[in-house]
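Take a look at the letters that make up each chain.
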Amino acid sequence: PANMIYDVAISAGEPAALLIATANGLMRSTDGGTSWAGLSAGLPHGTVRAVRFHPSRAGAAYAVQYGQLFASSDSGATWSAVAGADLEDKTIRDLW
């Protein structure tokens, strides 16, 4: 399915900030879901299976794509691969 949603994350410190993991990558809303923008800075194009905001670190978020863990420190605007977090042979469906 082209628009399948796999996961939804709501920021505890900023409830209007939302991330959704989809078959087409990550999307972000900063206005409680009224509008959405696709995210691609630092992420390969394709399915993202899981996404979470860190429960106590403002702006920190994590996503799993293609067996790799990605981290963001700016509420999902940009992403980078987490070194040493190769999950290639693992099936990840959720983050904590």
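Residues numbered from 1 in each chain as written. Predicted model: local features only at pLDDT ≥ 70, side-chain atom pairs only at ≥ 80, totals over all residues. Heavy atoms only, no water.

Colleague: Looking at this structure, how should I read the packing of aromatic side chains?
Modeller: Centre-to-centre distance and the angle between the planes together describe a pair of aromatic rings. On inspection of all chains with the given rule, the structure shows zero aromatic pairs. Over the face of the ring belonging to tyrosine 6 we find arginine 49, whose NZ or CZ atom lies 4.3 Å from the ring centre. (Phe/Tyr/Trp six-rings, centres within 6.5 Å; stacked < 30°, edge-to-face > 60°. Lys NZ or Arg CZ within 6 Å of the ring centre and 35° of its normal.)

Colleague: Quick question: what am I supposed to make of the nonpolar core here?
Modeller: Counting 14 residues, the largest nonpolar core has Leu19, Leu26, Val51, Phe53, Ala63 and Trp79 as the members making the most contacts within it. Counting only elements with at least two residues in this core, the list comes to β2 (18-22), β5 (50-53) and β6 (61-65). (Core = buried A, V, L, I, M, F, W, Y, C linked by side-chain atoms within 4.5 Å. Buried < 20%, exposed > 50% of the residue type's maximum accessible area, 1.4 Å probe, protein only. Helix = DSSP H or I, 4+ residues; strand = E, 2+ residues; numbered from the N terminus.)

Colleague: So what exactly am I meant to see when it comes to the sheet that holds β2 here?
Modeller: Hydrogen bonds between backbone atoms are what pair the strands of a sheet, whose relative direction is either parallel or antiparallel. Taking strand neighbours across the sheet as the criterion, the four strands line up as β1-β2-β3-β4 in an open arrangement whose pairing is antiparallel. The outermost strands of the open sheet, each flanked by one partner alone, are β1 (5-10) and β4 (37-39). If you compare each strand with its neighbour and ignore which way they point, the axes differ by 25° on average. Bridge count between β2 and strand β3 (residues 25-29): five bridges; the pairing is antiparallel. Residue pairing across strands places leucine 18 opposite serine 29, the latter belonging to β3. (Pairing = 2+ DSSP bridges. Axes fitted to C-alpha atoms, helices over the stretch in contact; angles between N-to-C directions.)

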